[in-house]
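Descriptive structure summary
Take a look at the letters that make up each chain.
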Amino acid sequence: MKHQYIDGTLYFYFYGDLDNLTVSRLKDICIALIDEYKPRQVKLDFEGVTFVDSTGIGFVLARYKQLRKMNSELIICNLSRTNQTLFHMSGIFQIMKHERNGVKL
Amino acid sequence: MNNMTLTFPSRLENEAFARTSAVAFLMPLNPSVDEIMEIKTIIAEAVVNAMIHGYEQNQEGIITLKLEYDDQRTIHILVEDEGCGIADIDQAMQPLFTTKEHLERSGMGMTIMDTFADEFHITSGIGKGTKLEMTKKLHGTHESTQQ
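Residues numbered from 1 in each chain as written. Chains lettered and ligands numbered in written order. Predicted model: local features only at pLDDT ≥ 70, side-chain atom pairs only at ≥ 80, totals over all residues. Heavy atoms only, no water.

As recorded by an unreviewed UniProt entry, chain B carries the name Anti-sigma F factor and is attributed to Copranaerobaculum intestinale.

You'll find chain A entered in an unreviewed UniProt entry as Anti-sigma factor antagonist, with Copranaerobaculum intestinale given as the organism. What UniProt states about chain A under its Sequence similarities (unreviewed entry) heading is, verbatim, "Belongs to the anti-sigma-factor antagonist family." (UniProt positions renumbered as here; feature names shortened; annotations may be inferred.)

Below, the structure written as structure tokens:
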């Protein structure tokens, strides 16, 4: 995972298999970075993600809740077609936007 | 008819092993890219449920994964644990229902398995464990099986 902070937006870029083990390793780092930067907006970029399951959805929902407490917004970026199908099942796009492209590293 | 059985302890790193082994076993059926993704996800959801809910993260619990396929390219998937069992299966099946929100679980695992599998059946007993039985028929490319 990589991240960058530009003009109030904190970007996270994920790579490879975002499975239960990977999420459990990245979670605390993401929580801490959000607390540190207190961004107005967070963008989670899934372009490099080859696998994601319900653990990934749980992680995104938890960051949404973390950000809502500081009145900040969460946006998902560049889900693959198959990953989008999976996220769609949870109804997650009713509470957050899905964007294509956007700012790269 | 072909089959394989894996047993492994409930350690998080074994989830990737389980889903990639399952897909490797099914390669002779030449599944499509979407089918591979769906099968990987089914196995991941089932195995993570056994680890986090069935065994409540006790790494000594044993999980069994059994796969079987036939000439019609129908795959039978069984994932079994001897963990705590599910108190209320109907509730567990509800999208977004989870007993472990503090662990950032989404409550989507069962819905995802139910959607990606053609048949989905749970047997569970409190203190006895949980058995998931699923079938999935492959429809994608299968030229290699006809050679």
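Overview of the overall build of chain B
Assigned secondary structure in chain B consists of four helices and five strands. Starting at the N terminus, the α and β elements of chain B follow one another as β-α-α-β-β-α-α-β-β. Its C-alpha radius of gyration of 15 Å places chain B within 12% of the 15 Å reference for a compact globule of 147 residues. Summarising its shape, the C-alpha atoms of chain B cover approximately 50 × 30 × 25 Å along the three principal directions. Burial status across chain B gives 52% buried among its 147 residues. Long-range pairs, those at least 24 residues apart, make up 66% of the contacts in chain B with a sequence separation of at least 6. Looking at chain B as shown, the accessible area adds up to about 7,100 Å², and 49% of this sits on carbon and sulfur atoms. Separation between the mean location of the 11 positive side-chain charges and that of the 23 negative ones in chain B comes to 3 Å. (Helix = DSSP H or I, 4+ residues; strand = E, 2+ residues; numbered from the N terminus. Rg over C-alpha atoms; globule rule 2.2 N^0.38 Å. Buried < 20%, exposed > 50% of the residue type's maximum accessible area, 1.4 Å probe, protein only. Contact = heavy atoms within 4.5 Å. Areas by Shrake-Rupley, 256 points an atom, 1.4 Å probe, with all protein chains shown as cover. Lys, Arg positive; Asp, Glu negative; His and termini not counted. Charge placed at Lys NZ, Arg CZ, Asp CG, Glu CD.)

Some words on the pattern of salt bridges
Pairs may arise between side chains of opposite charge once their charged atoms sit close together. Applying the stated criterion to the full structure yields 13 salt bridges over all chains. Its salt-bridge partner being A:Asp19, residue B:Arg19 comes within 3.1 Å of it at the nearest N-O pair. Residue B:Arg19 is located in helix H1 (residues 13-26), and its partner A:Asp19 is located in the loop between strand S2 (9-18) and helix H1 (20-37); the two belong to separate chains. Side by side, B:Arg19 and A:Asp19 carry an identical accessibility label, which is buried. (Salt bridge = Lys/Arg side-chain N within 4 Å of Asp/Glu carboxyl O.)

Observations concerning the sheet that holds strand S3 (residues 41-52) of chain A
Residues and elements named next belong to chain A. The strand order S1-S2-S3-S4-S5 describes an open sheet built from five strands, whose pairing is mixed. In the strand order of this sheet, the two ends are held by strand S1 (2-6) and strand S5 (97-99), each with one partner. Here the average twist between neighbouring strands, direction ignored, is 25°. As judged from the nine bridges shared by S2 and S3, these two strands associate in the parallel manner. Across the sheet, leucine 10 pairs through a bridge with valine 42, a residue of S3. (Pairing = 2+ DSSP bridges. Axes fitted to C-alpha atoms, helices over the stretch in contact; angles between N-to-C directions.)

Focus on the pairing of strand S5 (residues 129-137) of chain B
Residue and element names in this part refer to chain B. In the sheet, strand S3 (residues 74-81) pairs with S5 via eight bridges, with the strands oriented antiparallel. If you follow glutamate 80 over to S5, its bridge partner there is lysine 131. Relative to S5, strand S4 (residues 119-125) runs antiparallel, the two being bridged by seven bridges. Along S5, the bridge assignment pairs glycine 125 with glycine 129. Linkage of S4 to S5, two consecutive antiparallel strands, is achieved through a turn of three residues, within which glycine 127 is found at a positive phi near 75°.

Points about the UniProt feature "domain: Histidine kinase/HSP90-like ATPase" (unreviewed entry) in chain B
Mapped onto the present numbering, the UniProt feature "domain: Histidine kinase/HSP90-like ATPase" (unreviewed entry) falls on residues 34-140 of chain B. End C-alpha to end C-alpha, residues 34-140 of chain B measures 8 Å, and it is 32% helix and 30% strand.

Here we look at the interface of chain A and chain B
The extent of an interface is frequently quoted as the accessible surface area lost upon association of the parts. The interface is formed by 24 residues belonging to chain A together with 25 residues belonging to chain B. For the pair chain A and chain B, the summed buried area comes to about 1,900 Å², and 57% of that belongs to carbon and sulfur atoms. By the criterion of area lost to chain B, the three top residues of chain A are A:Asn20, A:Phe51 and A:Met89, representing 28% of everything that side buries. Viewed at the interface, chain B and chain A are joined by five salt bridges. In this assembly, chain A and chain B are joined by nine residue pairs in polar contact (both at pLDDT 80 or more). (Buried area = accessible area lost by both parts, 1.4 Å probe. Polar contact = N/O pair within 3.5 Å; in protein donor to acceptor, adjacent residues only side chain to side chain.)

Focus: the nonpolar core
Grouped together as the largest cluster of nonpolar side chains are 63 residues, with contacts concentrated most on A:Phe14, A:Phe46, A:Val60, B:Leu65 and B:Leu67. Examining the composition of this core, we find that eight residues originate from one element, helix H2 (residues 33-54) of chain B, more than from any other. Those residues in contact with B:Leu67 that lie beyond four places of it in its chain are B:Asn2, B:Asn3, B:Met4, B:Ala22, B:Phe25, B:Leu26, B:Ile43, B:Ile75, B:His76 and B:Ile77. (Core = buried A, V, L, I, M, F, W, Y, C linked by side-chain atoms within 4.5 Å.)

Observations concerning helix H4 (residues 109-116) of chain B
Within H4(B), six of the eight residues are buried, leaving the element largely enclosed by the surrounding structure. Among the residues of H4(B), B:Gly109, B:Met110, B:Thr111, B:Ile112, B:Met113 and B:Phe116 are the ones counted as buried. Turning to H4(B), the residues buried within the fold contact helix H2 (54-68) and helix H3 (81-89) of chain A together with H2, helix H3 (89-93), S4 and S5 of chain B.

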